[in-house]
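# An overview of the molecular structure
Spelled out from the first residue to the last, the chains are:
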Amino acid sequence: MKFINPNILVSAGLHFKNIEHPFEREIKGIESFEEWEYRKAKVTLSYFSTFFDLNRLFKGKKVLDIGCGGGGKTAYIAKYYEPKQIYGVDLSEDFISKAKEFGKSLNIEGMDFFVCNAENLPFKDSEFDSIILFDTFEHLNNPIKVLNEAKRVLKVGGYILISFPPYYHPYGVHVNDLIPIPWVHLFFDNSALAKAYWTLSFYKEDGERRRKLKITKGINGSLEIGYINQMTLKKCKEIIKSIDLKVKYFKYIPLKDFLYPFINVKMINELIVKNCVIVLERGH
């Protein structure tokens, strides 16, 4: 049974600040969200470097970034791996606008961004050599449909790279910018979290952006955290098995190295995995 009263969460959110969250860093002028993405891309790509020569994967290739956000990840690959072309797509017009501005500031050629739904990509069949979904899989309304669409625009022999934090990650509910309590979603229901987040957002100068990004309203006007699909490790494996793509690499990254012995223990791993890292190949 979970708590339904949001007041304790509001109180906690007012007293404890997550100063390292990218939204907070942006407000304080430390770095923009796009710059944070750019910096984080190096870490995410390192998860794949033991399996891939990343230069071989990206250099001179045509690459698609699904769920590109503010374009930081896209720009990092464009700058350091020199693809022939790289496109970023996202549902958010705000993100795509920022991505285009960020790309211009870096003066990177061969990179562009588009607003679109990844369930219906505006690209030809077999157009891309590589596709990335970094910190995206947990946000997709229909991940099976997106993966099938990614397969359509991927060349035979091409790769899809996925990295995401599972739902039962300490901050897997994605409200820690305002409610910095680990595993809070184990103890409070979605509605309580949404109400608390909604209230706390009014204390922030960019509160409207946060509400627009993370909160949805139900038919009866109820508030919900609609930003995530509650993607667990178990659900992810079931989805991957249902897709006609070869699994070339599948790895769990723990929160801390000392947790590696427990990384494959069912149920426990849902709580201690920081990132699930997957490489899929189109075989035909």
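See the structure above.
This is a predicted model, so every value here is computed, not measured.

## Notes on helix H7 (residues 143-153)
Buried residues of H7: Pro143, Val146, Leu147, Glu149, Ala150, Lys151 and Val153, and no others. Looking at the buried side of H7, the elements it contacts are strand S1 (62-66), strand S4 (128-134), strand S5 (154-164), helix H10 (233-242) and strand S9 (273-281).

## A few points about the packing of aromatic side chains
Throughout the structure, instances matching the rule amount to 22 aromatic pairs. Seen in terms of ring centroids, Tyr38 and Tyr80 are 6.4 Å apart; in terms of plane orientation they differ by 50 degrees. Their pairing is tilted. You can see Tyr38 sitting in helix H3 (residues 33-46) and its partner Tyr80 sitting in helix H5 (residues 72-81), a full 42 residues away along the chain. By relative accessible area, Tyr38 is classed as buried at 16%.

## So, the packing of H3 against H5
At a closest axis distance of 7 Å, the pairing of H3 and H5 adopts a crossing angle of 60 degrees. Classified by the angle their axes make, H3 and H5 are oblique. Helix-helix and strand crossings are classified by hand; for H3 and H5 the assignment is right-handed. Taking contact as the criterion, the partners of Glu34, Glu37, Tyr38, Ala41, Lys42 and Leu45 in H3 are, on H5, Gly72, Lys73, Ala75, Tyr76, Ile77, Lys79, Tyr80 and Tyr81. Among the residues making up the contact of H3 with H5, the classes are represented as eight nonpolar, one polar and five charged.

## Describing the packing of H7 against H10
Geometrically, a packed helix pair is captured by the angle between its two axes and the distance between the axes. Where H7 meets H10, the closest approach of the two axes is 10 Å, and the angle between their N-to-C directions is 40 degrees. Here H7 is positioned oblique relative to H10, judged by the angle of their axes. Judged by the twist between their axes, the crossing of H7 over H10 is right-handed. Contact with H7, carried on its side by Pro143, Ile144 and Leu147, involves Ile239, Ile240 and Ser242 of H10 and no other residues of that element. The residue inventory of the contact of H7 with H10, partitioned by class, reads five nonpolar, one polar and no charged.

Scoring rules and cut-offs
Residues numbered from 1 in each chain as written. Predicted model: local features only at pLDDT ≥ 70, side-chain atom pairs only at ≥ 80, totals over all residues. Heavy atoms only, no water. Buried < 20%, exposed > 50% of the residue type's maximum accessible area, 1.4 Å probe, protein only. Helix = DSSP H or I, 4+ residues; strand = E, 2+ residues; numbered from the N terminus. Contact = heavy atoms within 4.5 Å. Phe/Tyr/Trp six-rings, centres within 6.5 Å; stacked < 30°, edge-to-face > 60°. Axes fitted to C-alpha atoms, helices over the stretch in contact; angles between N-to-C directions. Parallel < 35°, antiparallel > 145°, perpendicular 65-115°, else oblique. Left-handed = near helix turned anticlockwise from the far one by under 90°. Nonpolar A, V, L, I, M, F, W, Y, C, P; charged D, E, K, R; others polar.

Any link to function would need more than the numbers given here.
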